[in-house]
Amino acid sequence: MTTIRRFYCNDLLRFASVNLDHLTETFNMSFYMTYLARWPDYFDVAEGPGNRIMGYIMGKVEGQGESWHGHVTAVTVAPEYRRMQLAKKLMNLLEEISDTIDKAYFVDLFVRASNTPAIKMYEKLGYVIYRRVLRYYSGEEDGLDMRKALSRDVEKKSIIPLKRPITPDELEYD
Amino acid sequence: MASKFGLAGGIPERKVRPIWDAIDSRQFKNAFKQITTLLSKHPNSPYALALKALILERMGKPEEALSVCLNAKELLYANDSLLMDDLTLSTLQIVFQRLDHLDLATSCYEHACGKFSNNLELMMGLFNCYVREYSFVKQQQTAIKMYKLVGEERFLLWAVCSIQLQVFCGNGGEKLLLLAEGLLKKHVASHSLHEPEALMVYISILEQQAKYGDALEILSGKLGSLLMIEVDKLRIQGRLLARAGDYAAAANIFQKILKSSPDDWQCFLHYLGCLLEDDSIWCDEAVNDPVHPPKFINCKISHLTDELFDSRISDALAFIQKLQADNINNSIRCPYLAIIEIERRKHLQEKGNDDNLIDAIVQYFDRFGHLSCFTSDVEMFSEVLIPDKKTELLGKLMKNSGALSTTPTKSLGQSITLFKIQQILMGHMSKMSENELEVSSVQMAEMYCKSLPLSKGLDLQESMHGEELLSMTCNVLVQLFWRTKNFGYLAEAIMVLEFGLAIRRHVSQYKILLLHLYSHFGALPVAYEWYKSLDVKNILMETVYHHILPYVMVSPLWVELNSLLKDYIKFMDDHFRESADLTFLAYRHRNYSKVIEFVQFKERLQHSSQYLVARVETPILLLKQKTDNIEEEEGVLESLKCGVDFLELSNEIGSKSLTFNEDLQTRPWWTPTLDKNYLLGPFEGISYCPRESSTKDRETNFRRVIEKKSLLPRMIYLSIQCASASIKEHLKVNGSVPGKISSEMKLLLERYAQLLGYPLSEAIEVVVGSPSGERSSSVVDYNLVDWLNFTVFLNAWSLSSHEFAQPDGNGWKTRTSSSLDSLLEKYIVEKVRSMEPQLCTPWNDVQLLIQLVSEPLAWHGLVIQSLLRSSLPSGKKKKKSGSVDQSSSHLAQTLADSVQRLSFIVEEVMKWLREWKSRTEDEHLEVILAPLCSNVQSDGPGKVFHILETFVSSVNDTELGNHISESVKSWSPSDVARKMVTGKNKVLMEFLRICESKAKLLRSMKQRIAQL
C-alpha cells in the first residue's frame, strides 16, 4: 500500500523513523538539496496509509557515452515496512526512469562488502557485482560496485565484471 | 575552485593557477606568499586583491580581508577602463559572502551590470546575488532583463519563480500571479515550452488562481507531452478535474491509475473522494501542516441523495473487488484496506453497519495481520467503533488468529499484532487490572524469548523477529509503575530493554524508550550515551533532539548541553548560509518547483521553535556557568550586548510565526509531548494513549516560556546595575541614582509578572506577602523557578528604587530582601530535607533543586557580589559623614545576613549530596536489584525479570545459534544497575561541584563583609 511520489524538502522533517536505522546515513543538507535541485525525478518517497513515510530512494543520472547511467545513492525502508518488497518497488522505479526517460545504459550502486542481506537483495533484483572498490567506506571497508544493464545496453557490456579490484581514486564518479 | 580559470582579470592564467591550487589544498601561507609576489607586479588588479582577500579570510583575518576587498571594490568603481569580469566579481562575492556582507557583493555586480548592460554572465551573477539576499522583486527584474536580451525560456521561468516567491514568501499580492501567467502565455504562443518543469510551473500558476479548466486544457494539449512519466500526468489531470468539480471525469482518471498501480492508497482515496463528490482531501492537503499531516482525512457528510450515495458506494466496491481479483497473487494491501475505508465512509454517512466494518478489518487481519504495519494501517478505522464494538472486534481477531497461521514467523507476527491492538487501538491497558497487566507483560516477554530461535539465521544487521515485544513489555511495565508508583517496575522496564539491546544493539525504538527512562531515573549520562548511539546528526537534530534536550537543559551537565546547543545552532546557521546557493543550483538546473520549495523550507527552519530555544538557552548557559565570578559574568553580559538583543527577541516572539518540527511519533506513551510527563503525575484521569496532536496549547505555553527566558540576560544585567547603583547612592559617590536603569527594570518586572499571569503589584504581593504577611505559596509552587527569579530581580530593583521605599524606611524594601532569603530557604532546604538520599527518589525534585541553585540562587549571589564590590572602599572614595557610616554598617549587616542564609542553604544541599556519596555502591545496587529479585509469587515487580533470568540461565546454544546465545549471556543486570548508579552519581557530583563553588564564593564574601 504505497504511494510513491517525489521527495519534498518537508519530507526531511518526516523521515526520522526511517533514518534512525543504523545503516541509513543522514547526510548534510547540501547533499540532499543538491540531489533535489539536480535530479528530482531520482529522489522518491513511499507513503503509506495515515501519511506515514515508509521509505525512500535517492539517486542520480550521470556519465559520458556508454557510461551514462543511473546511480542509486541510498535506498532505505522503515523497520515497520520491511519484508514487503518496498525496496524493490523503489529500485524498479529508478531503473524505469533511467531506462525510459534518460535512456541510460545501466544502473549502479555501492554496497558494503559485509552487508550480505543487501547484496542478496540486489542480486535478486538482477544486479551483479561488477567490481570491488578497496577501502571505499571511510578508508576501512571495501565496497562492491553492483550493476544492472538497461535496455539500451543490448549486449549487456556494462555489467561484465572487472577482473581486478580498484581503489577509490580510480572511480570515474564520486 | 580550481575550475575558476579563463580570463583572470587581465593576469596570465599560469600565474594564478598555483595560487588557487594552494587555496584549494588549504596551504594558505604559501598562497599568501604567492599573492604578495603577484601583487607587487599588479598592485592595482582588483582580481589579485580579491584573491588576497580570499586568502586572508581563510587565514582567519576577516578585518584585513574586508579592507582589501573594499580596496578592490574601489578600484573597480574608480577605473572605467579596468576589466570587470565575472571571475573578479565572483571571487569578491565569495569573500563578501563569507564576511556576511552580501550587500557589498551585490553592489559590485550592480555596478558592473550598469557599466556593461548587455553582459549575460554578469547579469546571472547579479541574479545570483539577489537570490542570496532573497530580494525577489530584484530577482524578477533581472531575470526579465535577461529574458529580453536573449529570449531564453529559462530566464522567463526565473522571473516567474521570482514572482511566485513574492506571493508565497514575500508580501506580493496574489494578483502578481496574473502577471506571471501573462508572461508565460505570451511566451508559449511564440516559442512554446520545452522543459517539463516549465510546464509544471505554468500549471501551478493557473492552479493557484483556481483556473483549473485552463490548466487542464494546457495539460491535454501539445504541451502535455512534456511530462514523460504518464502516471504523473494522470495524477495532475485527476486533481485538476476534481478541483474543477468534474468529479466523474476525475474518478475515471484515478480509476485508470489504480488499474496500473493497484497498491496506490493515496490514489484510492482520491478516487473515492471523487465518487462521493467530496474534495476534503485536497482542501486538507492545502490547509494542513505538511510536516504533520493528519492520519486520516476529515470527510464531509455527502450531499448526494441516498440512492446516489448507495450506487456510488457499490460502484467503488465493485471496482475494488475487481482489483482484488486481478491481483490475487500479489501481496498488495490497498484493495483490502479500501474495503474498510468504504465501510468507514458508509459509517460517517450513518449508513454503516458495525458488523461489516468489523468483518472487513477481520478479513484484512486474515491476510495481513502478521505484518508489523497492520496496527498503524487500521488504527484510523477502529476510531469509528464504540468501545463495546472494539472489544467485539478484538474477540473476533483473537478467535481467527490461531487458525490462520501457516509459518512460525507469521504466527508470531499475528500474536504481536493482537498485543498491539489491545495496547494501542483499544486503549485496553488503562482498563486492565494490575494483575492482568502483569500477566500480559509476562506473556510478551515469554513470547520474545521463545521466538528468538526464529532469528537464528538472520544477519546481525537485520531486525529480528518479535523485537516489538520488548518495547510493548516496557510500555506495560511503565503503566504498572504509573499505577503503583513502585520504582521497581521502572527498573524492570530498563532491564528488559537492556536485555534486547544486548542481543541486538541497533534497535532505535529501545534506545529511545531507554533514554527517557534513564532520564526519569536521573541517570542522565547513561541516557546521553544511548542518545549518542542513535547517531543523530544534521536535519535529524531538528526532529529528534526533543528526546534529550529538555532533560539536559535542566541538568548540571553543562558540557553536554553546550555541545548539543552548539552542534545544532551550527547546523541551522550553516543551512541558512548555504541554502540560497542551493536555490540557485535549482534555478540553473531548471528545476523550478524546487526553487520555491527550498525558500519555503529555509523559512520553516528559520521559524523553528527549537532553534529559538537553542538561541535563548545558549546565553543563559553561559551566564549560569560564570555566576560565581561577577567580573567574568559581566564579560559574558558584555558579549551579549547586556542582553539587549534578547530583549528585542523577546519583544518579537509574540508576533513571530513559529514552526514545530519535532517528530513526536517516536515518543513513549508516558511523555507524548515535550512538556508532558505522566510519570510525574497526576496519577489519575489519563488513560494509556491520549496522543495529543494539537500544537495550539503547546504553542501558547511555549511562547510564554521562551519570552520569559529571553528577558533573563537583560534582567540579570540590570540587577547587577541596580545593586551597584544603590550603594553609590548610599555613599553619594555620583550624587544621583541612575533612574533609567531603575525604570527599565520596573518595565521588565511588569512584563515578567505579566508572563506569570499577574499585574506587578499583585505579583509582588504573591512573593512578599500582603501587608498582613500572608503569602500565596500555592501560586509560587506551580512555577517555582520563575517566581524565585522574579523575586531576585524584584529585590535588586527594590534596592535602588525610591518608588519601592516606604516612608518608614522599613516597608517592602526590607520585606522583599527577607522574603527572598526565606523563599530560597523554604523551597531549597525544605525540599532537601524531604528527600531521602536514595536512588529511587523522584528525580524531578532533584532537577528542581539543581535549577533553583543554578538560577535564582545564583542570580541572587550576583546581586550580593555587586553590592559588596560597590561598598568596599577602593581608596579613592572618602567616607563623608557619620550618617554614611551608620548606613554602611546597616548594609554590612544586611549583606552578612543574606550571605549567612545563602551559605546555610548551600551547605544543606551539600550535606544531602555528601550523604548520598557516602553510601556504598552495593547499597545503591541493592536498591535497584532487590525489588526485582523478590518472590515471583508475590505482588509487585520482578516477574518479567525472572523470566529473562531463567531464560538466560537455560539458554540453548544450538537452538539460538552462537551469536544470539552469546549475546543473551552477555546481559548482566548488575552491570546495568551499576551503570545507573554511576550515571546518577555523575549528575549529583556535578551538582555538588556547582554547590562547592558557590560555598567557596560565599565564604570569601563573608570575609570581605567583615572588612566593611
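Model, not experiment: these values are computed from the prediction.

### Side note on the overall build of chain B
Right, on to step 1. Tallying secondary structure elements over chain B gives 46 helices and zero strands in all.
Right, on to step 2. Over its C-alpha atoms, taken along the principal directions, chain B stretches across nearly 105 × 95 × 60 Å.
Right, on to step 3. In chain B, once contacts between residues fewer than 6 apart in sequence are set aside, the share between residues at least 24 apart is 67%.

### What to know about the overall build of chain A
Right, on to step 1. Each helix and strand in chain A was counted, giving four helices and seven strands.
Right, on to step 2. When its helices and strands are written in sequence order, chain A yields β-α-α-β-β-β-α-β-α-β-β.
Right, on to step 3. Within chain A, the fraction of its 174 residues that count as buried is 48%.

### So, the nonpolar core
Right, on to step 1. One finds Val-496 and Ala-527 of chain B to be the most contacted residues of the largest nonpolar core, which totals 351 residues.
Right, on to step 2. In contact with Val-496 of chain B, other than residues within four places in its own chain, are Ala-445, Leu-470, Thr-473, Cys-474, Leu-477, Val-944 and Leu-948 of chain B.

### Regarding the sheet that holds strand 7 (residues 141–149) of chain A
Strand pairing in a sheet relies on backbone hydrogen bonds, with the paired strands running either antiparallel or parallel.
All names here are of chain A.
Right, on to step 1. Here we have seven strands laid out as an open sheet, ordered 1-2-3-4-5-7-6, and mixed in their pairing. Edge positions in the sheet fall to strand 1 (3–6) and strand 6 (128–137), since each has one partner strand and no second. Each strand of the sheet is rotated relative to its neighbour by a mean of 25 degrees, with strand direction disregarded.
Right, on to step 2. Direction of pairing for strand 2 (residues 43–48) relative to strand 3 (residues 52–62): antiparallel, over a ladder of six bridges. Across the sheet, residue Gly-48 finds its bridge partner in strand 3, namely Arg-52.
Right, on to step 3. Along the sheet, helix 4 (residues 116–124) makes contact with strand 5 (106–112) and strand 7, crossing strand 5 at roughly 165 degrees.

### Some points on the pairing of strand 2 of chain A
Residues and elements named next belong to chain A.
Right, on to step 1. Here strand 2 lies mainly inside the structure; six of its six residues are buried.
Right, on to step 2. Burial of strand 2 is two-sided: the residues Phe-43, Val-45 and Glu-47 facing one way and the residues Asp-44, Ala-46 and Gly-48 facing the other way are all buried.
Right, on to step 3. Bridge analysis of strand 1 against strand 2 gives four bridges, and the strand direction is antiparallel. The residue of strand 2 that forms the bridge with Arg-5 is Val-45.
Right, on to step 4. Count of turn residues in the strand 2/strand 3 antiparallel hairpin: three residues, of which Gly-50 carries a positive phi of about 75 degrees.

### Some points on the confidence of the model for chain B
Residues and elements named next belong to chain B.
Right, on to step 1. Across chain B, the average pLDDT comes to 88, with 91% of residues at 70 or higher.
Right, on to step 2. Of all the helices and strands in chain B, helix 16 (residues 280–287) carries the lowest mean pLDDT, 71, while helix 28 (residues 539–544) carries the highest, 98.
Right, on to step 3. Segment residues 805–811 is flagged for pLDDT under 50; beyond a separation of four residues in sequence, or across chains, it makes four contacts in the model.
Right, on to step 4. Note that residues 875–880 has pLDDT below 50 and, in this model, five contacts with residues that lie over four places away or in other chains.
Right, on to step 5. What the predictor reports for the complex is a pTM of 0.93 with an ipTM of 0.96.

### Some thoughts on helix 44 (residues 943–953) of chain B
Right, on to step 1. Burial in helix 44 of chain B covers these residues: Lys-943, Val-944, Phe-945, Ile-947 and Leu-948 of chain B.
Right, on to step 2. Among the structural elements, helix 23 (434–451), helix 24 (467–484) and helix 25 (487–503) of chain B are those in contact with the buried residues of helix 44 of chain B.

### Thoughts on the packing of helix 26 (residues 508–521) of chain B against helix 27 (residues 524–533) of chain B
Helix-helix packing is described using two parameters, namely the angle between the two axes and the distance between the axes.
All names here are of chain B.
Right, on to step 1. Between helix 26 and helix 27, whose axes approach to 7 Å, the crossing angle comes to 160 degrees. Our classification of the angle between helix 26 and helix 27 gives roughly antiparallel. Judged by the sense of rotation from one axis to the other, the crossing of helix 26 with helix 27 is left-handed. Contacts from Lys-511, Leu-514, Leu-515, Tyr-518 and Ser-519 of helix 26 reach helix 27 at Leu-524, Val-526, Ala-527, Trp-530, Tyr-531 and Ser-533.

### Looking at unusual backbone geometry
Right, on to step 1. Phi is positive for Ser-138 of chain A, close to 50 degrees, though the residue is something other than glycine.
Right, on to step 2. Mapped onto the elements, Ser-138 of chain A comes out in the loop between strand 6 and strand 7.
Right, on to step 3. Given 6 C-beta atoms within a 10 Å radius, Ser-138 of chain A is considered exposed.
Right, on to step 4. Residue Glu-277 of chain B is not a glycine yet carries a positive backbone phi of 55 degrees.
Right, on to step 5. One can find Glu-277 of chain B in the loop between helix 15 (265–275) and helix 16.

### Structural notes on the interface of chain B and chain A
Right, on to step 1. Taken together, the contacts link 52 residues of chain B with 42 residues of chain A.
Right, on to step 2. For the side of chain B that touches chain A, a count of residues per class yields 23 nonpolar, 15 polar and 14 charged.

### Some words on helix 17 (residues 306–326) of chain B
Residue and element names in this part refer to chain B.
Right, on to step 1. For helix 17, with 21 residues, the first-to-last C-alpha span of 30 Å sits near the 30 Å given by 1.5 Å per residue.
Right, on to step 2. Burial in helix 17 covers these residues: Arg-312, Ile-313, Ala-316, Phe-319, Ile-320 and Leu-323. The buried residues of helix 17 all sit within an arc of 125 degrees when viewed along its axis, so they share a single face. Residues Asp-306, Glu-307, Ser-314, Ala-318 and Ala-325 are exposed on helix 17 and point more than 90 degrees away from its buried face.

Procedures and definitions
- Residues numbered from 1 in each chain as written.
- Chains lettered and ligands numbered in written order.
- Predicted model: local features only at pLDDT ≥ 70, side-chain atom pairs only at ≥ 80, totals over all residues.
- Helix = DSSP H or I, 4+ residues; strand = E, 2+ residues; numbered from the N terminus.
- Contact = placed C-beta atoms within 7 Å.
- Buried ≥ 20, exposed ≤ 12 C-beta atoms within 10 Å, placed from the backbone.
- Core = buried A, V, L, I, M, F, W, Y, C linked by C-beta atoms within 7 Å.
- Pairing = 2+ DSSP bridges.
- Axes fitted to C-alpha atoms, helices over the stretch in contact; angles between N-to-C directions.
- pLDDT = per-residue confidence, 0-100.
- Parallel < 35°, antiparallel > 145°, perpendicular 65-115°, else oblique.
- Left-handed = near helix turned anticlockwise from the far one by under 90°.
- Nonpolar A, V, L, I, M, F, W, Y, C, P; charged D, E, K, R; others polar.
- Expected span 1.5 Å × (residues − 1).
- Arc of directions from axis to C-beta.

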